[in-house]
Structures are given as structure tokens and as C-alpha cells.
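Chain by chain, the residues run as shown.
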Amino acid sequence: MTAKPAPTIRVQRDDFDAAAESRGLTAGRKDIGAIVSFVGLCRDEAGTLSALELEHYPGMAEAEMMRIGRLAIERFSLLGLTAIHRFGRIEAGEQIVLVIAAAPHRQAAFDGANFVMDFLKTSAPFWKKEHSQDGSSGDWVAAKDADDTARDRWSR
């Protein structure tokens, strides 16, 4: 029996190179039939938002991302998984999160990436504060019911 791969998990302040991460995940591999990449960006909310401030619970965020990654690998028979989440001040248009799922077939890769994002949004200890174009900062952003609904579909 082949051992399940360990997910590559990082929480970092610096930006990431999605193409380089994808090449790193697939380098020398001939068993991968599909990779699905998701990059989440900081949007400007119709010109009102200048940046997001992202905080995390160090150690716990990485542990929860690892738990989610292992679940995805097991559930969807993934051949590899990379998940990177940034923290700090992230300007509108910049990258926030990367998930790359590698699998023998496309549906498993799509499902694995979706699963990871749905659980990252609801289970990993990250918090966001909005900074407006006018220089004011808002409150910390509350969790959304839609994110819980998206996560809960995986337990049906």
C-alpha cells in the first residue's frame, strides 16, 4: 500500500508564485492526471476597499490547515496538495490564498480544492479587517452563513 502524501502547508506574510508552486507539486510526476489551482485575491469592493488586514493564530492556523489538507487527501485520493495563506496587510488586487490539488482525475482535483477552501473559510483561525479607500478601518469581518452552508454540503 502506498503512503498518502503529506500536504504542503504554509502561512506567510510574503506573496507566493502560484505557477512555481504548481511546478513544484508536479515535478517529476507522471501519475498526476489533473491539477486544480485556486487563487483568492483581495477585491476592492467596487472601489471602496483599499486593503484587508489578515491575522491568524500562529501554530493553530497551520495545524488546522494540515488537518484539513489530510482530510482532503484521504477523502479525494489526492496525490498532492499545497495550501498557502497569507497574513498581514494585503492590498486590493493582491493574492491572499492558494490551494492546489493534484489527483489522477479532474473531478477529484476539483472536489479536493473546493473542499479545502470551504473548510479554510470556516475552520482555520484567520480574521480579516477591512481598510477603506478613505483611510478608515472597519470592524473585523464577521463569518458568513453562506460559508457555513458551503462547508456543510461536504457532510451530506
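Check the entry above for the structure.
Treat the numbers as computed from the prediction; the structure is a model and nothing was measured. (Residues numbered from 1 in each chain as written. Predicted model: local features only at pLDDT ≥ 70, side-chain atom pairs only at ≥ 80, totals over all residues. Heavy atoms only, no water.)

Okay, the overall build of the protein next. Across its full length, the protein holds four helices and eight strands. Since a compact globule built from 156 residues should have a radius of gyration of about 15 Å, the 16 Å found for the protein is in line with a globular shape. With respect to the three principal axes, the spread of C-alpha positions in the protein is 55 × 35 × 30 Å. When contacts within the protein are restricted to residue pairs at least 6 apart in sequence, those whose partners lie at least 24 apart make up 76%. Looking at the protein as shown, the accessible area adds up to about 8700 Å², and 51% of this sits on carbon and sulfur atoms. Distance between charge centroids for the protein: 7 Å, based on 20 positive and 23 negative side chains. (Helix = DSSP H or I, 4+ residues; strand = E, 2+ residues; numbered from the N terminus. Rg over C-alpha atoms; globule rule 2.2 N^0.38 Å. Contact = heavy atoms within 4.5 Å. Areas by Shrake-Rupley, 256 points an atom, 1.4 Å probe, with all protein chains shown as cover. Lys, Arg positive; Asp, Glu negative; His and termini not counted. Charge placed at Lys NZ, Arg CZ, Asp CG, Glu CD.)

Looking now at the pattern of salt bridges. Under the definition given, this model contains eleven salt bridges. The closest approach of N and O atoms between Glu94 and Arg86, which form a salt bridge, is 4.0 Å. Taking the relative accessible area as the measure of exposure, Glu94 reaches 31% and is therefore partly exposed. A network of salt bridges, in which partner residues are shared, links Asp15, Arg86 and Glu94. (Salt bridge = Lys/Arg side-chain N within 4 Å of Asp/Glu carboxyl O. Buried < 20%, exposed > 50% of the residue type's maximum accessible area, 1.4 Å probe, protein only.)

Take Glu64: it is sitting in helix 2 (residues 60-76). According to the relative accessible area criterion, Glu64 is buried, its value standing at 15%. Here Arg67 takes part through its side chain, which lies 2.6 Å from a polar atom of the side chain of Glu64. Sequence-distant contacts of Glu64, defined by excluding residues within four places in its chain, comprise Ser123, Ala124 and Pro125. (Polar contact = N/O pair within 3.5 Å; in protein donor to acceptor, adjacent residues only side chain to side chain.)

This next bit is on the sheet that holds strand 3 (residues 49-56). Pairing is antiparallel across the open sheet formed by four strands, whose spatial order is 5-3-7-8. Every interior strand has two partners, whereas the edge strands, strand 5 (88-91) and strand 8 (137-140), have only one. Strand-to-strand twist across the sheet, computed as the mean angle between neighbouring axes with direction ignored, equals 25 degrees. Judged from the seven bridges that link them, strand 3 and strand 7 (residues 126-132) form a sheet pairing that is antiparallel. Bridge pairing in strand 7 links Glu55 to Trp127. (Pairing = 2+ DSSP bridges. Axes fitted to C-alpha atoms, helices over the stretch in contact; angles between N-to-C directions.)

Right, let's talk about the side chain of Arg86 for a bit. Topologically, Arg86 is positioned in strand 4 (residues 80-86). Assessed through its relative accessible area of 6%, Arg86 is described here as buried. Within the local environment of Arg86, its side chain forms a polar contact with the backbone oxygen of Asp14, the two atoms lying 3.4 Å apart. Polar side-chain contacts of Arg86 include one of 2.6 Å to the backbone oxygen of Gln95. Those residues in contact with Arg86 that sit more than four places away from it in its chain are Gln12, Arg13, Asp14, Asp15, Phe16, Leu54, Glu94, Gln95, Ile96 and Phe126.

Let's shift gears to the layout of surface pockets. Space inside the largest pocket adds up to approximately 770 Å³. What lines the largest pocket is a set of 27 residues, among which Leu54, Lys121, Lys128, Lys144 and Asp147 lie closest to the centre. Contributing elements (two or more residues each) for the lining of the largest pocket: strand 2 (34-41), strand 3, strand 6 (95-103), helix 3 (106-123), strand 7 and helix 4 (145-152). Taken together, the residues of the lining of the largest pocket sort by class into 16 nonpolar, three polar and eight charged. Approximately 160 Å³ is the volume attributed to the second largest pocket. Together, Val36, Ser37, Phe38, Phe110, Ala113, Asn114, Met117, Asp118, Lys121, Asp147, Ala150 and Arg153 line the second largest pocket. Looking at the lining of the second largest pocket, the elements with two or more residues in it are strand 2, helix 3 and helix 4. It is helix 3 that contributes the most residues to the lining of the second largest pocket, six residues altogether. (1 Å grid on protein atoms, 1.4 Å probe; cavity = no way out; pocket = protein on both sides within 12 Å on 5 of 7 lines; lining within 4 Å. Points joined across faces, edges and corners; volume = space filled by probe spheres on them. Nonpolar A, V, L, I, M, F, W, Y, C, P; charged D, E, K, R; others polar.)

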